[in-house]
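Spelled out, the chains give:
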4 protein chains.
Amino acid sequence: MKRVSKRNVAPEYGFGANVTGPGQRLMNPDGTANVKRIGEPGFQVINIYHSLITMSWSKFNLLVFCSYLGINFLFAFLYHIVPGSELNGMIYHNDLEKFMDEFFFSAQTLSTVGYGRLNPSGMEMSTIAAIESMIGLLGFALATGLLYGRFSRPNAKLLFSENALIAPFKEGKAFMFRFANARRNPLIELEANIIFSYNETVNGKLMRQFQTLKLDLSTITYLVMSWTIVHPINEESPLFNLTKEDLESLDAEFFINIKAIDDTYAQQVHTRTSYKYNDVVWDAKFISAIGQDEKGMNTFDIRMINNYSAVT
Amino acid sequence: MKRVSKRNVAPEYGFGANVTGPGQRLMNPDGTANVKRIGEPGFQVINIYHSLITMSWSKFNLLVFCSYLGINFLFAFLYHIVPGSELNGMIYHNDLEKFMDEFFFSAQTLSTVGYGRLNPSGMEMSTIAAIESMIGLLGFALATGLLYGRFSRPNAKLLFSENALIAPFKEGKAFMFRFANARRNPLIELEANIIFSYNETVNGKLMRQFQTLKLDLSTITYLVMSWTIVHPINEESPLFNLTKEDLESLDAEFFINIKAIDDTYAQQVHTRTSYKYNDVVWDAKFISAIGQDEKGMNTFDIRMINNYSAVT
Amino acid sequence: MKRVSKRNVAPEYGFGANVTGPGQRLMNPDGTANVKRIGEPGFQVINIYHSLITMSWSKFNLLVFCSYLGINFLFAFLYHIVPGSELNGMIYHNDLEKFMDEFFFSAQTLSTVGYGRLNPSGMEMSTIAAIESMIGLLGFALATGLLYGRFSRPNAKLLFSENALIAPFKEGKAFMFRFANARRNPLIELEANIIFSYNETVNGKLMRQFQTLKLDLSTITYLVMSWTIVHPINEESPLFNLTKEDLESLDAEFFINIKAIDDTYAQQVHTRTSYKYNDVVWDAKFISAIGQDEKGMNTFDIRMINNYSAVT
Amino acid sequence: MKRVSKRNVAPEYGFGANVTGPGQRLMNPDGTANVKRIGEPGFQVINIYHSLITMSWSKFNLLVFCSYLGINFLFAFLYHIVPGSELNGMIYHNDLEKFMDEFFFSAQTLSTVGYGRLNPSGMEMSTIAAIESMIGLLGFALATGLLYGRFSRPNAKLLFSENALIAPFKEGKAFMFRFANARRNPLIELEANIIFSYNETVNGKLMRQFQTLKLDLSTITYLVMSWTIVHPINEESPLFNLTKEDLESLDAEFFINIKAIDDTYAQQVHTRTSYKYNDVVWDAKFISAIGQDEKGMNTFDIRMINNYSAVT
C-alpha cells in the first residue's frame, strides 16, 4: 500500500480510527452513517416523530389512512361489545349491518362530523364516544403538526453527479464533482469541503486516516445553475501520484459536506454525501449543462448533471 | 470596450462566466435569478408547498375557496351517482334540487359541521362520507400549516430606491442607492455588499466578470429610517473613470445583497436585488426623507425613498 | 458644551446624525425606535400578523372573542334577511327570538358543532351556511397559527435595573447597570454592548454622535442570576471627566444591546433598551441580590434588581 | 487547600464568585442551574407554556385528559344549574342521569361533534353552548400548537458517561469523559468545552474560581458513535499535581458545554452537564463500545457508554 503524504492536519471526522471490512462505506450516498447502532432504548417518542417527519409521502399518507381505519375499527368493536345499551338510530337486519353502523358512527365521532342519526345512549356508549371524539381532535392536531413539520423542515435537496471525476485542470489534473439544486428554494452562501479517508498502517496497526482536500474555490454566493467543486491534484495534494489502483488498495472514500442557506426559510442546511473509490471516473470531464435560449437568456438543464465525456 | 481595473479578487457569484445576450439581466429586481431551468422532475410535493407559501394572498385565498368548492362538487357527484341508496332527509322535486342537497351534504361533511338532517344511509354512502370527513380534517390541517407557514416565514421586505445614483461624495463621486424597511418588524445587524458584474474579453473569449465594490460603511446596528449605501468611486474602484456609455458597453449589472436579522423572529434574512446599467442615474443626489415633528421627534417619510434631484 | 474625546470609532447606529429636540429619546426603554414613520402603505397582511403576534394577551383574547361574536352577528343578520326560506327547526314567537335562533345557528355553524335541530333549508340558506362553516374552520386554523406563533416567538424578557449607576470600581468609577432573566427559559452565551450617543457641533452644525463604550467583561456563558455590566470610566473612556450636568447638556443617551441564546428554542434573541441622562444615578452602588439558604444553596431574589445604595 | 495554578484566563461563567456550602453543586447533571430564584412574578403565560413544552409526555397526556374532563364537568354543572330551560332530548329518571346527559352534551359540544339528540334550547343554554364550542376549538388549537412545539423543539439528547475518568493518556494522564447521541437525529459540527470550578481564598475571602481546561480535540464534524473528550493533565493544566483529596477540598466541579447542530432541523443545540469531584473515577479507562459485524460494518453499542476498567 502506497504511503499517503500528510499535507493537512487530519480532521477527526467522527468515525474514529477503526478500519471496516474492505469496500465497506463509512457513509452512505444519502449522507447517513453506515454504522449499526445496538442497544438503543426501545420506545422513544422523539424517534417516532423523527421517523414520521422523514418518511416518504406515500408511506406517510398510507399510515394516516390506516390509522384512521384502525382506530375506527377499534372503537366500532368497543361499541359492538358494550353490554346493556346500543346506539340510537341503528337500522340493521344482521350482526354485520349492526357492526357497519357502529363503524360509521365511530367515523362520524372520530372526525367530529356527528350527523346525529346515530347517537350514543347510555353511560357506557356516551363515555366511549366522548373519549373517541377527544382522540379524534388530538389525532388531527397531531396530523396538523406532522404535516407542517414535514413541509417546514429545512431540507435542501442537492442533486450530486453520480460520479466524481479525475479531470484535466489548468496544467494538471483535479478531483471534481458537481451538484445542482433539485428544488426551487433559492440556496445562498454555499460552502463546500471534502475529506479524504483511507487506511494506513500506524505503529503496525491498520488505522483509518482523514485529510481535508484543498479546494480551488470553497464558497459561492448564490447557487443558480450547478457548482463544480474542484480539488487540484498538485504537489500539495495527498492524492498526488496516486493511481486508480492505489485508491482501491487504500479503501479510499471521499466525504462531501455542503453548507448552504435555504433562502425561503432563512435556515442553514447541511448536506453530506460520499464517493467511494469505485465512484471515481478517471480521465473524464463534465459536459456543460448551460445553454442560451433565443432571447439570450441563460438556460440550465438539470438532467445533464452527471454527463461527462472521456478525455484522452 | 474599456478595460476594467481589477482591484478586488473577483468573487464567483454563482452565475458562472457565461455571457448572456446584451441587456439581459442575470438577476431580476426581486432577487430571483433570470435563468430558465429545464428538465426538472415534474411533480414534487416540496415545490408545490414552496409555491403555496410564496404566492400572493389573493391567489392563495382564491385557491383555498376553489379547492373547497371543487372537492364539494366532486363528492356531490359521487353521492349522486352511487347506486342503490340515497341520502336520508332529502327533499327534492327534480334532479337539480337533489344534486343541490347532495352538494350541501358534502359541504356539511367536509367542514365536519354535520347538522344531520341530511345523513348517509347504506354502506356506500357512509363510506364515501367517512372518507370525505377525513379529507376535510386533513385539508384544514394542511390549511393551518400553510397559513402559519405563510405568516412565520422570515421575509424582510426592503423598499429599495428604484434607481442607483452616481452622486457627489466628499471630494469625488460615489455609486449610491438606499432602502428602508417596508414592514414594522425591526431589522437589526444589517450588512450590505455590492457585486459589479460586466463583460470582458479574456484570452479572446467574452466572459462575465464579477468584482466586489468597497463600501464606505457596510454594517449598521438597527435600521430605523433609511440606509444609503455608498461605494466611493476613487482610484481603487473598478468604476473609476468609467462613463455612462462604458457601463452600457460593458453590459454592467450591480448585484445587491443585504443581510439582516428580523428581530420579531430572531431569524437572519437575506434580500437581493440588482441595478442594470440603465437603472443608474448620473449626477443626482437623494433628497432627505427625515424631518421633525412639532415635539422635536424625528419623522421618516417612506414614500420619499426614491426622490432625488439633479446635481450640476 | 464640553467636547467629548473620540476613543472608539463612532459606529453608525442607524439613527443617522440628525439631532432631535432636547430631552427626546431616540430609543424607548422597551427597545423600539422613537421615530414616527409616515407614508406607510395602509393595509399589509404581514403587519397585521405582526400586531396580532406582539399584542398583549388580554387584548388578543378580547379580539378573538369579539371576532367570534362579530362574525356570528354578521351571519345571523344574513340568515335573517335572506328572503324566501327560513331555518328548519326554529321555535319563536317574535322577531327577536327568531334572531336569537339564527344567531345560535350561526354559532353552531361557525364552530362546526352543528347539532342539527336548527338546520338550513333552501339553496340560499345552505350556501351561506356552507361558506360560514368554511370561514369557521379557516378562522380556527388562523387562531391555531397565531397561538403557536405567539408562544414560539423567541422572546427573551430581560429585567433591566431602572437606573444606570455611576459607581465605584477598582480605584476609579464605572458606568454600570444590571439585568436578570425574567423568564425560566435558560439564557446562554450572552453578549453585551453599550453605545453612547450625544450631540456635538461638527463644522458648525449640531450633529448626533455615537461611540462604543468598552466593557470590563462583555460576554458570559450562562445567565444564572443577574449580570452587572461595567464600563470603567478611565482615561480611555469618552465619559472621562464628564459631570452630571455635562451629560444633560450633551443630551446623552446610552443604547444597550444584549444578545443571548434562548436555550429552550436554541434561537438567538436580541434585546435593546436605553438609559437617558436622567436615568443615570451618580455615586451609588447595587446591593447584592444573592443569598444562601439553610442548605448552602445559592438564592437569587429578582425583586432586588434595581436596589442600590448611595456611596459617599 | 492546595493553590491551583492559573494558566487560562478565568472565564466568568455566570455563577458569580459566591461560594456555596461544601459539596453543593452549582449545576445539576441535567444542565440546569442549582440556584433558587425567589420573588418571581406569579403568573406568566410564557412560563406556563415553557412548562407545558418541557414536561414529560406522561404528565402532558394526563394534563390534557384532565383538562378535557375538568372543562366538561364545569360546563355540565353550568347546564345543570341554569334556571328556566333544560336541554332538548334528555331522557332521565333522576338527577344523576340528568347530570350525565348534561355532561355528555358538554363533551359533544366541546369536541364539536354535536350529534344533536341533545341540543340546547333557550337563550341561556344556547349561549353557554356557543361559548363552550368556541373554547373547545381554541383549546384544540392550543393543543395543536403544544404538540408541535413539543416535537419540533430542538433537543439533542446526549448520553454522557456517568463518571469522568482520570485515565492514562500518551505518556501521562488525562481527564476524560464520553458521550453518545441518544437520538436518531444526526448531530454535526460538534464543539466541546470544559470549565473547572473550585474554591480559592483571594485577599482573605473564599471565592469561586473558574478556568477553561484545554482539550486535546475540541471539535468533530459528525457524531457517529461516541466522542471521548480529553483534557491532558500536563504542566499547563490547572489539574497538574492535584490529587483526589485536593479536588474534594477545593469543592471541585467540572462544567461541560457541548454545542452541536441537529441536522434534522438545522438548528444549533446546546447541552450542559457537570461532574462534581465525587463523579470522577481515578486510574480507570473507558472500554471501547465499537465492534464489527460479520460483514465488516462498524457497530456501536450505546449501552456501554459508561463502561470502564481499572488501570494499575
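Just above, that's the structure.
The notes below deal with the structure included here. A quick note: this is a predicted structure, and the numbers were derived from the prediction, not measured. Throughout, residues of each chain are indexed from 1 in the direction in which the sequence is written. Whichever chain is written first becomes A and whichever ligand is written first becomes 1, with later ones labelled in order. Predicted model: local features are reported for residues with pLDDT of at least 70 only, side-chain atom pairs are reported and counted for 80 or more only, and whole-chain, interface and lining totals are derived from all residues. Heavy atoms throughout the structure, all of them, feed into the side-chain values; hydrogens and water do not.

1. Description of the overall build of chain A
- Here a strand is any run of E in DSSP of at least two residues, a helix any run of H or I of at least four, and the numbering for each starts at the N terminus. Scanning chain A from terminus to terminus reveals five helices and 15 strands.
- Note that the radius of gyration is over C-alpha atoms, with the globule rule given as 2.2 Å times the number of residues to the power 0.38. Against the compact-globule benchmark of 20 Å for 312 residues, chain A has a radius of gyration of 29 Å, which places it well outside the compact range.
- With the C-alpha coordinates of chain A rotated into their principal frame, the extents come out at 90 × 65 × 35 Å.
- Looking at chain A residue by residue over its 312 residues, the buried ones come to 57%.
- Total accessible area on chain A is roughly 13,100 Å²; 57% of this is exposed by carbon and sulfur atoms. Between buried and exposed lies partly exposed: a residue is buried under 20% and exposed over 50% of the maximum accessible area for its type, with that area taken using a 1.4 Å probe on protein chains only. Each accessible area is a Shrake-Rupley estimate made with a 1.4 Å probe; only the visible protein chains count as cover when residues are assessed.

2. A look at the pattern of salt bridges
- Any carboxyl oxygen of Asp or Glu that lies within 4 Å of a side-chain nitrogen of Lys or Arg is treated as forming a salt bridge with it. Applying the stated criterion across every chain yields a total of 44 salt bridges over all chains.
- The closest approach of N and O atoms between Asp293 of chain A and Lys36 of chain B, which form a salt bridge, is 3.2 Å. Taken together, the residues Asp293 of chain A in the loop between β13 (290-292) and β14 (298-301) and Lys36 of chain B in strand β1 (residues 36-38) connect one chain to another.
- What makes Lys36 of chain B partly exposed here is its relative accessible area of 35%.
- Across the pair Lys276 of chain C and Glu253 of chain C runs a salt bridge whose closest N-O atoms are separated by 3.6 Å. Of the two residues, Lys276 of chain C sits in strand β10 (residues 267-276) while Glu253 of chain C sits in strand β9 (residues 253-262), which places them 23 residues apart along the sequence. Neither residue differs from the other here; Lys276 of chain C and Glu253 of chain C are each classed as buried.
- It is possible to trace a salt-bridge network through shared partners that takes in Arg208, Asp251, Glu253 and Lys276 of chain A.

3. Details of the relation of the copies chain D and chain C
- To line up the copies, we fit them by least squares on C-alpha atoms, keeping just the residues with pLDDT of at least 70 in both. Superposition record for chain D on chain C: RMSD 0.0 Å, screw rotation 90°, translation along axis 0.1 Å. Expressed as an axis order, the relation between the two copies is that of a four-fold axis.
- In this description, contact between two residues means that some pair of their heavy atoms is separated by no more than 4.5 Å. A share of only 14% of interface residues in chain D that are also interface residues in chain C marks the association as one of differing surfaces.

4. Details of the sheet that holds strand β1 (residues 36-38) of chain C
- With mixed pairing, the three strands of this open sheet are ordered in space as β13(B)-β14(B)-β1(C). Of all the strands in the sheet, the pair left with one neighbour each is β13 (290-292) of chain B together with β1 of chain C. Each neighbouring strand pair of the sheet contributes to a mean axis angle of 30°, computed without reference to strand direction.
- Here a strand pair is declared whenever DSSP counts at least two bridges between the two strands. Alignment of strand β14 (residues 298-301) of chain B against β1 of chain C, held across three bridges, turns out to be parallel. Looking across to β1 of chain C, one finds that Thr299 of chain B is bridged to Lys36 of chain C. In this analysis, axes come from line fits to C-alpha atoms, helices being fitted only over the stretch in contact, and the angle between any two N-to-C directions falls in the range 0 to 180 degrees.

5. Some thoughts on the pairing of strand β6 (residues 205-213) of chain D
All names here are of chain D.
- As defined by bridge partners, strand β5 (residues 187-202) adjoins β6 across nine bridges and the pair is classed as antiparallel. Bridge pairing in β6 links Ser197 to Phe210.
- Here β5 hands over to β6 after two residues, with Asn203 in that stretch at a positive phi of 50°.

6. Describing the interface of chain D and chain C
- At the junction of the two partners, chain D supplies 66 residues and chain C supplies 55 residues.
- Carbon and sulfur atoms make up 60% of the surface buried where chain D meets chain C, a total of about 5,400 Å² over both sides.
- Summed over the shared surface of chain D and chain C, the result is three salt bridges.
- In the analysis that follows, any N or O atom pair within 3.5 Å is treated as a polar contact, provided that within protein one partner can donate a hydrogen and the other can accept it, and provided that, for residues neighboring in sequence, both atoms belong to side chains. Remark: the boundary between chain D and chain C carries 17 residue pairs in polar contact (both at pLDDT 80 or more).
- For the side of chain D that touches chain C, the secondary structure elements donating two or more residues are β1 (35-38), α1 (45-54), α3 (95-110), α4 (123-152), β9 (253-262) and β10 (267-276) of chain D. A 1.4 Å probe defines the accessible area here, and the buried area is the portion of it lost by two parts on being joined, summed over both.

7. As for the packing of helix α3 (residues 95-110) of chain C against helix α4 (residues 123-152) of chain C
All names here are of chain C.
- Closest axis-to-axis distance for the α3/α4 pair is 8 Å, and the angle between their directions is 55°. What the angle tells us is that α3 and α4 run oblique. Between α3 and α4, the contacting residues are Phe105, Ser106, Thr109 and Leu110 on the first element and Ala129, Glu132, Ser133, Ile135, Gly136 and Phe140 on the second. To sort the angles, those under 35 degrees are grouped as roughly parallel, those over 145 as roughly antiparallel, those from 65 to 115 as roughly perpendicular, and the leftovers as oblique.

8. Side note on the environment of Ile188 of chain C
- Mapped onto the fold, Ile188 of chain C is located in strand β5 (residues 187-202).
- Taking the relative accessible area as the measure of exposure, Ile188 of chain C reaches 4% and is therefore buried.
- Residues within four places of Ile188 of chain C in sequence aside, it is in contact with Thr221, Tyr222, Ala260, Ile261 and Asp263 of chain C together with His270 and Arg272 of chain D.

9. Some details on helix α2 (residues 57-81) of chain D
- An ideal rise of 1.5 Å per residue puts 36 Å on 25 residues; α2 of chain D measures up with 36 Å between its terminal C-alpha atoms.
- Within the span of α2 of chain D, buried status applies to Phe60, Tyr68, Asn72, Phe75, Ala76 and Tyr79 of chain D. How far a helix is expected to stretch is found by multiplying one less than its residue total by 1.5 Å.

10. Considering helix α3 (residues 95-110) of chain B
- Counted at 1.5 Å a residue, the expected span for α3 of chain B with its 16 residues is 22 Å, and the 22 Å between its end C-alpha atoms agrees.
- A positive phi of about 60° marks Thr112 of chain B, the residue just after α3 of chain B.

11. Notes on the packing of aromatic side chains
All names here are of chain C.
- For Phe, Tyr and Trp, rings pair up if their centres lie within 6.5 Å, where Trp contributes its six-membered ring, and each pair is then called stacked (planes under 30 degrees apart), edge-to-face (over 60) or tilted (otherwise). What the rule picks out here adds up to 72 aromatic pairs over all chains.
- Residues Trp57 and Phe60 carry aromatic rings whose centres are separated by 5.8 Å and whose planes lie at 85° to one another, so their mutual orientation is edge-to-face. Remark: Phe60 and Trp57 occur in helix α2 (residues 57-81); sequence separation between them is three residues, near one turn of the helix.
- Relative accessible area serves as the criterion here: at 24%, Trp57 is assigned to the partly exposed category.

12. Here we look at the side chain of Glu102 of chain A
Residue and element names in this part refer to chain A.
- Mapped onto the fold, Glu102 is located in helix α3 (residues 95-110).
- By relative accessible area, which is 0% here, Glu102 ends up buried.
- The contact partners of Glu102, leaving out residues within four places of it in the chain, are Ala76, Tyr79, His80, Leu87 and Met90.

13. Some words on the environment of Asn306 of chain A
- Looking at the secondary structure, you find Asn306 of chain A in the loop between β14 and β15 (308-310).
- In this structure Asn306 of chain A touches Ser161, Glu162, Asn163 and Arg178 of chain A, once residues within four positions along its chain are discounted.

14. Brief notes about the sheet that holds strand β13 (residues 290-292) of chain C
- Here three strands make up an open sheet; going across it, the order is β13(C)-β14(C)-β1(D) and the pairing mixed. Every interior strand has two partners, whereas the edge strands, β13 of chain C together with β1 of chain D, have only one. The average angle at which neighbouring strand axes cross in this sheet is 30°, direction not considered.
- When β13 of chain C meets strand β14 (residues 298-301) of chain C, the two strands line up antiparallel, connected through three bridges. Residue pairing for β14 of chain C: Ile290 of chain C is matched across the bridge by Phe300 of chain C.

15. Thoughts on the packing of helix α4 (residues 123-152) of chain A against helix α1 (residues 45-54) of chain B
- With their axes 10 Å apart at the nearest point, α4 of chain A and α1 of chain B run at an angle of 95° to one another. Classified by the angle their axes make, α4 of chain A and α1 of chain B are roughly perpendicular. Residues Tyr148, Phe151 and Ser152 of chain A of α4 of chain A form the contact with α1 of chain B, whose own contacting residues are Val45, Ile46 and Tyr49 of chain B.
- Its residues placed into classes, the contact of α4 of chain A with α1 of chain B shows five nonpolar, one polar and no charged. Here the nonpolar group is Ala, Val, Leu, Ile, Met, Phe, Trp, Tyr, Cys and Pro; Asp, Glu, Lys and Arg are the charged ones; every other residue, Gly included, is treated as polar.

16. Observations regarding the environment of Ile287 of chain B
- Mapped onto the secondary structure, Ile287 of chain B falls in the loop between β12 (284-286) and β13.
- Ile287 of chain B gets classed as partly exposed once you look at its relative accessible area, which sits at 34%.

17. Remarks on the nonpolar core
- Within the largest apolar cluster, 42 residues are counted, with the highest numbers of intra-cluster contacts made by Tyr49 of chain A, Tyr49 of chain B, Tyr49 of chain C together with Tyr49 of chain D.
- If you list the elements that add at least two residues to this core, you get α1 (45-54) and α4 of chain A, α1 and α4 (123-152) of chain B, α1 (45-54) and α4 of chain C together with α1 and α4 of chain D.
- When neighbours within four sequence positions are excluded, Tyr49 of chain D is seen to be in contact with Tyr148, Phe151, Ser152 and Tyr265 of chain C together with Gly145, Leu146 and Gly149 of chain D. Nonpolar cores were defined as sets of buried Ala, Val, Leu, Ile, Met, Phe, Trp, Tyr and Cys residues, with membership established by side-chain atoms within 4.5 Å.

18. Remarks on a nonpolar patch on the surface
- Residues qualify for a patch when their relative accessible area is over 30% and they have no salt bridge, like charges being joined within 9 Å and the nonpolar side chains of Val, Leu, Ile, Met, Phe, Trp and Tyr within 5 Å. Where nonpolar side chains cluster on the molecular surface, the patch consists of Phe65, Leu69 and Phe73 of chain C together with Ile71, Ile131 and Ile135 of chain D and spans about 440 Å² of accessible area.
- It is α2 of chain C that contributes the most residues to the nonpolar patch, three residues altogether.
- The residue Leu69 of chain C is located in helix α2 in this model.
- Accessibility expressed as a relative area gives 33% for Leu69 of chain C, which makes it partly exposed.

Geometric values such as these leave the question of function open.
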